[in-house]
Amino acid sequence: MNDQTNQLSGYVNDMLAVETELHEAFRRQKHDESVKQSTIAYQVICRTEDTIDRHLSGLKACQQRLGGGESALKKAVGGVMGAVAGMYDKLRSDQSISRALRDDYAALSFATICYQMLHTTALAMKDQSTAECALKHLGEYAPLIMAISDSLPQVVVEELAAEGSVAPDLSVASDSARHTREAWASAS
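Residues numbered from 1 in each chain as written. Predicted model: local features only at pLDDT ≥ 70, side-chain atom pairs only at ≥ 80, totals over all residues. Heavy atoms only, no water.

Looking only at helices and strands, the protein has seven helices and zero strands in total. Shown N-terminal to C-terminal, the secondary structure of the protein runs as helices and strands in the order α-α-α-α-α-α-α. Within the protein, buried positions represent 43% of all 188 residues. Restricting to contacts in the protein with at least 6 residues of sequence separation, those with at least 24 account for 75%. Summing over all exposed atoms, the protein offers an accessible surface of approximately 9,900 Å²; the carbon and sulfur share of this is 54%. (Helix = DSSP H or I, 4+ residues; strand = E, 2+ residues; numbered from the N terminus. Buried < 20%, exposed > 50% of the residue type's maximum accessible area, 1.4 Å probe, protein only. Contact = heavy atoms within 4.5 Å. Areas by Shrake-Rupley, 256 points an atom, 1.4 Å probe, with all protein chains shown as cover.)

Written out as structure tokens, the structure is:
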């Protein structure tokens, strides 16, 4: 394996480590009884876990094509997990669903910037296959991040209403989601 291929394989392994950690976290959330009580949160978490499953398969195929192996992945997991773990921890029983979704949003945003780095690296190294894989995975996270953003206001209102802090007015959630979409649209 030449130096460039070895370097690119290392980046793929880093991405595999990120996706592996995300998969474990989303799997825990998917099986958490409190998450199952929120249909909107549960649906987006299930969709995300399914997407991560596909990403893991695609990255493993890319890793094999580049000649990377499991030992390199294990080494990468240790290096990347510090960054991911600091930002994203497992759903705890005392954590609200809204906070879990907030952390999911941050974790997927981290994954998208990692995919942008992998895509750029692959383009610079003239590896079109890896570049396309990274771009495809990045593109699949964009609608999931938007789904979390759209879901979060409803979950917040439901949690506040359950605590007795506010009336269960879901129009507030709709307004908040719309305002957020407008803010993002105005930036482009």
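Continuing now.
Together, V156, L160 and V166 give the surface a local cluster of nonpolar side chains, amounting to about 180 Å² of exposed area. For L160, the location among the structural elements is in helix α6 (residues 128–163). (Patch = residues over 30% accessible without salt bridge, like charges linked within 9 Å, V, L, I, M, F, W, Y side chains within 5 Å. Salt bridge = Lys/Arg side-chain N within 4 Å of Asp/Glu carboxyl O.)

To continue, consider the nonpolar core. In summary, soluble globular proteins display a tendency toward joint burial of nonpolar side chains. M15, L22, L59, L101, L108, L118 and Y141 are the most contacted members of the largest nonpolar core, which has 35 residues in total. Those elements giving two or more residues to this core turn out to be α1 (3–30), α3 (39–66), α5 (97–124) and α6. In contact with L101, not counting residues within four places along its chain, are A41, V44, I45, I148, L152 and V155. (Core = buried A, V, L, I, M, F, W, Y, C linked by side-chain atoms within 4.5 Å.)

So, on to the side chain of H137. With respect to the helices, strands and loops of the structure, H137 is situated in helix α6. If near-sequence neighbours (up to four positions away) are discounted, H137 is found in contact with R54, H55, G58, L59 and Y115.

Looking at the protein as a whole, its pLDDT mean stands at 88, while 86% of the residues score no less than 70. Looking over the protein, one finds the lowest element-wise mean pLDDT in helix α4 (residues 70–87), namely 50, and the highest in α6, namely 97. (pLDDT = per-residue confidence, 0-100.)

On to the environment of V12. Its location among the elements puts V12 in helix α1. Sequence-wise, V12 and Q63 are 51 residues apart; in three dimensions their C-alpha atoms are separated by 6.4 Å. Excluding anything up to four places from it in sequence, V12 contacts L59, C62, Q63, L66, L118 and T130.

Glancing now at the pattern of salt bridges. Inspection of every chain in the model, using the stated rule, returns nine salt bridges. Across the salt bridge formed by K30 and E49, the nearest N and O atoms sit 2.8 Å from each other. Of this pair, K30 sits in helix α1 while E49 is found in helix α3, placing the two residues 19 residues apart along the sequence. Side by side, K30 and E49 carry an identical accessibility label, which is buried. Note that R178 is salt-bridged to E182, the shortest N-O span being 3.4 Å. Of this pair, R178 and E182 are both found in helix α7 (residues 170–187), four residues apart, which corresponds to roughly one turn of the helix. Assessed through its relative accessible area of 35%, R178 is described here as partly exposed.

Unlike most non-glycine residues, K126 shows phi in positive territory, near 60 degrees. Looking at the secondary structure, you find K126 in the loop between α5 and α6.

α6 packs onto α3 with a crossing angle of 170 degrees between their chain directions and a minimal axis gap of 10 Å. With respect to each other, α3 and α6 are oriented roughly antiparallel. Split by residue class, the contact of α3 with α6 holds 14 nonpolar, nine polar and four charged. (Axes fitted to C-alpha atoms, helices over the stretch in contact; angles between N-to-C directions. Parallel < 35°, antiparallel > 145°, perpendicular 65-115°, else oblique. Nonpolar A, V, L, I, M, F, W, Y, C, P; charged D, E, K, R; others polar.)

Where two aromatic rings form a pair, the distance of their centres and the angle of their planes describe that pair. Scanning all chains against the criterion turns up one aromatic pair. With a centroid separation of 6.3 Å and 50 degrees between ring planes, the pair formed by Y115 and Y141 is classed as tilted. Of the two residues, Y115 is situated in helix α5 and Y141 in helix α6; the sequence distance between them amounts to 26 residues. The pair formed by Y115 and Y141 is uniform in burial state, with each residue classed as buried. (Phe/Tyr/Trp six-rings, centres within 6.5 Å; stacked < 30°, edge-to-face > 60°.)

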